[in-house]
Amino acid sequence: RLYDNMNKTILETEIKEINIKDNLFHYEFKNTVFYAKSGGMESDIGYINGIKVLEVYKMDNKVIHVLDKKISNPVLMEVDYKTRLEHASVHTAHHLISALFQNNYNAETRSFNAGYEFSTLELELEELNDEMIANINLEANKLIREDLKIKIEYPTDIKSKYSETRAVIIGD
């Protein structure tokens, strides 16, 4: 998946399918570098053939890009790197904090939402106090300073209610 490479933000591709809904053009392309909104994460933002991308979403295992103008081949995609870096940082922090709460307090993550203004993390936890937060904060910052390698895998043996399950592995 091209969007799994955080540094890949430019791609030349071709239109596969176009649908028009409410005067907006919904494109599926042969390939994409845009991450679609899913799993509590906002989609990438950027431009396709110089036109601002309004939305990127998944439908029937397809990544759909919404523009307000019609375009033609060849297609040049350009993802805003600064926004992608912010989203990836928040998403990685979510995985790290969730793992620390799971390992230290047996607290499962119930939901996560990474928004443009703020993010939320809901844990299944009887009690949350300042000492627990301080411990997680200290341990998370220690791990961040270690600059651990991050790897993404797509396990085939996991049954999920979601269309695809990704495993984010932090460290060896």
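For the structure itself, consult the block above.
Residues numbered from 1 in each chain as written. Predicted model: local features only at pLDDT ≥ 70, side-chain atom pairs only at ≥ 80, totals over all residues. Heavy atoms only, no water.

Draft legend 1. Summary view of the sheet that holds strand S5 (residues 51-52). Reading across from one edge, S1-S8-S4-S5 is the order of the four strands in this open sheet, with antiparallel pairing throughout. If you trace the sheet from one side to the other, it starts and ends with strand S1 (10-13) and S5, each paired once. Sheet topology note: the strand S4 (residues 46-48)/strand S8 (residues 75-79) ladder contains three bridges and is antiparallel. Counted as the bridge partner of Ile-48 is Met-77 from S8. (Pairing = 2+ DSSP bridges. Helix = DSSP H or I, 4+ residues; strand = E, 2+ residues; numbered from the N terminus.)

Draft legend 2. Expanded view of the sheet that holds strand S6 (residues 55-59). Taken together, four strands build an open sheet; the order of strands is S2-S3-S7-S6 and the sheet is antiparallel. Of all strands in the sheet, those with a lone pairing partner are strand S2 (15-21) and S6, marking the two edges. Sheet twist, expressed as the mean angle between neighbouring strand axes with direction ignored, is 30 degrees. Inspection of the sheet shows S6 paired to strand S7 (residues 62-67) by five bridges, in the antiparallel sense. In the sheet register, Met-59 faces S7, and the bridge partner there is Lys-62. (Axes fitted to C-alpha atoms, helices over the stretch in contact; angles between N-to-C directions.)

Draft legend 3. View of the side chain of Thr-13. Relative to the helices and strands, Thr-13 resides in strand S1. The class of Thr-13 is buried, set by a relative accessible area of 8%. In this structure the side chain of Thr-13 is engaged in a polar contact, spanning 3.2 Å, whose partner is the backbone nitrogen of Asn-31. Contacts of Thr-13, omitting those with residues within four sequence positions, involve Phe-29, Lys-30, Asn-31, Asn-73, Pro-74, Val-75 and Met-77. (Buried < 20%, exposed > 50% of the residue type's maximum accessible area, 1.4 Å probe, protein only. Polar contact = N/O pair within 3.5 Å; in protein donor to acceptor, adjacent residues only side chain to side chain. Contact = heavy atoms within 4.5 Å.)

Draft legend 4. Region of the structure containing the pattern of salt bridges. Enumeration according to the criterion identifies 10 salt bridges in this entry. In this structure, the salt-bridge partner of Glu-42 is Lys-37, at a minimum N-O distance of 3.8 Å. Among the charged side chains, a salt-bridge network with shared partners connects Lys-16, Glu-17, Glu-28 and Lys-62. (Salt bridge = Lys/Arg side-chain N within 4 Å of Asp/Glu carboxyl O.)

Draft legend 5. Structural detail: the pairing of S2. One ladder, built from six bridges, connects S2 with strand S3 (residues 24-29); its direction is antiparallel. Looking at the pairing, Ile-18 lines up with Tyr-27 of S3. From the end of S2 to the start of S3, which pair antiparallel, there are two residues, and Asp-22 there has a positive phi angle of about 50 degrees.

Draft legend 6. Inspection of the packing of aromatic side chains at higher detail. Under the counting rule described, the total for this entry stands at three aromatic pairs. Geometrically, the ring pair formed by Tyr-27 and Phe-29 is stacked, given 5.5 Å between the ring centres and 10 degrees between the ring planes. With respect to burial, Tyr-27 and Phe-29 carry one shared label: buried. Through a chain of ring-to-ring contacts, the aromatic side chains of Phe-25, Tyr-27 and Phe-29 assemble into a single cluster. (Phe/Tyr/Trp six-rings, centres within 6.5 Å; stacked < 30°, edge-to-face > 60°.)

Draft legend 7. Inspection of the packing of helix H1 (residues 81-105) against helix H2 (residues 130-145) at higher detail. The geometry of H1 relative to H2 is characterised by a closest axis approach of 10 Å and an angle of 125 degrees between their N-to-C directions. In this view, H1 runs oblique relative to H2, as classed from their interaxial angle. Relative to H2, H1 is oriented so that their crossing is right-handed. Across the interface between the two elements, Leu-96, Ile-97, Leu-100, Phe-101, Asn-104 and Tyr-105 from H1 touch Met-132, Asn-135, Ile-136, Glu-139, Ala-140, Leu-143 and Ile-144 from H2. Per-class residue counts for the contact of H1 with H2 are 10 nonpolar, two polar and one charged. (Parallel < 35°, antiparallel > 145°, perpendicular 65-115°, else oblique. Left-handed = near helix turned anticlockwise from the far one by under 90°. Nonpolar A, V, L, I, M, F, W, Y, C, P; charged D, E, K, R; others polar.)

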